[in-house]
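# Residue-level structural notes
Below, each chain spelled out in residue letters.
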Amino acid sequence: MRAVVALWHRELVRFLGDRARVIGSLGQPVVFFLLFAGALRDSLRVGDQSYGEFFFPGTLAMIVMFTAIFATITVIEDRKEGFLQGVLVAPVPRSAIALGKILGGATLGFLLGAVFLFGGAAFGIIVLDAARLLSGLAVLLLLAFALTACGFALAWLMDSTAGYHGIMMLVLMPALMLSGAFFPQPGAHALVRLLMASNPLTYGVGLLRHALGNANMAMGLPSPTVCLVATLAFALASFALATFVTTRRSARDAT
């Protein structure tokens, strides 16, 4: 646990000390929200919601995803700087290394998502009571853990930051686009609906809508129970994959 806490603390200090990463993680999704919500506010409604209300939970998921990308890229940087090799030879389980770094990135994603959530409530974009607030924060934390663990597993297998960014944009950006964050599932092409149904991020965004009272069932959202089970399974599978790639010894560990 001391190793987990040390790595968790290091990730927080390192990320928050890099102003560019903080701005990139929070600023880009906010710009997306302002552009999309502003441009489509009067031209597109989803059920009885404006597009801004519909897109708000998707923006929260986007913030968590971008934070996971920026946070887990430190795995590659740590390997190049030699820090990771020093950690690997320490007398601690490799699963503790994975857990510490994942918790650090998940905490950052949760905090930045919470800032945007409180901001949305303050500006009247979304109405929150105590139950919705606590539920939304809990889902944010779960989603942050799942996405950070997924990003960590991919970063561990990468040798360059450029390659990592390319793979993340190839995998996670389409997953976000096909999660119902930007558009509802009904009305989409049958193939797109199939991809959305098989996308684990769809259930995370759906669970966030349910938690925030943003669940217009006309959008074809699965039930809260289905969304919760699928999101938990995604988080556990991502952490299992991250632990597996960390405990598997390879020539990369020594370089």
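Our subject in this report is the structure included herewith.

Rules used throughout
Counting of residues starts from 1 at the beginning of each chain's written sequence and follows it residue by residue. Side-chain atom pairs in this predicted model are given and counted only at pLDDT of 80 or more, local residue features only at pLDDT of at least 70, and totals for whole chains, interfaces and linings cover all residues. Computation of side-chain values: all heavy atoms of the structure, hydrogens and water removed. A helix here means a DSSP run of H or I that spans at least four residues, while a strand means a run of E at least two residues long, and both kinds are numbered starting from the N terminus. One fewer than the residue count of a helix, multiplied by 1.5 Å, yields its expected span. Axes are fitted to the seven residues ending at a residue and to the seven starting at it; the angle between these axes is taken as the bend at that residue. The buried label applies to any residue whose accessible area, calculated with a 1.4 Å probe on protein chains only, is under 20% of its type's maximum; exposed applies above 50%, and partly exposed to all values in between. Pairs were defined over the aromatic rings of Phe, Tyr and Trp, the Trp ring being its six-membered one, requiring ring centres within 6.5 Å. Orientation was assigned from the angle between planes: stacked under 30 degrees, edge-to-face over 60, tilted for the rest. In this analysis the charged atom, NZ for Lys or CZ for Arg, is taken to sit over a ring once it is within 6 Å of the ring centre and within 35 degrees of the ring normal. One speaks of a salt bridge when a side-chain nitrogen belonging to Lys or Arg is within 4 Å of a carboxyl oxygen belonging to Asp or Glu. Angles shown run from 0 to 180 degrees and are taken between the N-to-C directions of axes, each axis being a line fitted to C-alpha atoms and, for helices, limited to the stretch in contact. By the definition adopted for this analysis, an angle is roughly parallel if under 35 degrees, roughly antiparallel if over 145, roughly perpendicular if from 65 to 115, and oblique otherwise. Left-handed describes a crossing in which the near helix is turned anticlockwise from the far one by less than a right angle; the clockwise case is right-handed. The contact criterion used throughout is that any non-hydrogen atoms of two residues lie within 4.5 Å. Just so you know the grouping, Ala, Val, Leu, Ile, Met, Phe, Trp, Tyr, Cys and Pro go in nonpolar, Asp, Glu, Lys and Arg go in charged, and all remaining residues, Gly too, go in polar.

## Section: helix 3 (residues 51-72)
With 22 residues, helix 3 extends 31 Å from end C-alpha to end C-alpha; this agrees with the ideal 32 Å at 1.5 Å per step. Maximal helix bending in helix 3 amounts to about 30 degrees, located at proline 57. With respect to burial, helix 3 is a largely interior element, 20 of its 22 residues being buried.

## Some remarks on the packing of aromatic side chains
Considering all chains together, one arrives at four aromatic pairs under this definition. Ring centres 5.1 Å apart and planes at 45 degrees place the aromatic pair phenylalanine 55 and phenylalanine 182 in the tilted group. Taken together, the residues span a long stretch of sequence, with phenylalanine 55 in helix 3 and phenylalanine 182 in the loop between helix 8 (161-177) and helix 9 (190-197) at a distance of 127 residues. Geometrically, the ring pair formed by phenylalanine 56 and phenylalanine 116 is stacked, given 5.0 Å between the ring centres and 20 degrees between the ring planes. Highlighted residues: phenylalanine 56 in helix 3 and phenylalanine 116 in helix 6 (residues 94-122), separated in sequence by 60 residues. Among the residues examined, phenylalanine 56 registers a relative accessible area of 0% and is labelled buried. Its guanidinium or amino end placed over the ring of phenylalanine 54, arginine 209 lies 4.0 Å from that ring's centre, counting from NZ or CZ.

## Notes on the pattern of salt bridges
Following the criterion strictly, the structure yields six salt bridges and no others. Across the salt bridge formed by arginine 10 and glutamate 11, the nearest N and O atoms sit 4.0 Å from each other. Its relative accessible area of 3% is what places glutamate 11 among the buried residues. Where aspartate 78 meets arginine 14, a salt bridge forms, and the shortest distance between an N and an O atom there is 2.4 Å. Highlighted residues: aspartate 78 in helix 4 (residues 74-81) and arginine 14 in helix 1 (residues 2-16), separated in sequence by 64 residues. Residue classification places aspartate 78 among the buried positions, given a relative accessible area of 0%. Overlapping salt bridges, with partners in common, bring together Arg10, Glu11, Arg14, Glu77, Asp78 and Lys101 in one network.

## A few points about the packing of helix 7 (residues 130-157) against helix 8
Between two packed helices, the angle of one axis relative to the other and the distance separating the axes together describe the packing. Relative to each other, helix 7 and helix 8 sit at 135 degrees, their axes nearing to 10 Å. Here helix 8 runs oblique to helix 7, going by the angle between their axes. For the element pair helix 7 and helix 8, the recorded crossing hand is right-handed. The residues of helix 8 that touch helix 7, namely those facing Leu147, Gly151, Leu154 and Ala155, are Tyr164, Ile167, Met168 and Leu172. Residue classes in the contact of helix 7 with helix 8 are distributed as seven nonpolar, one polar and no charged.

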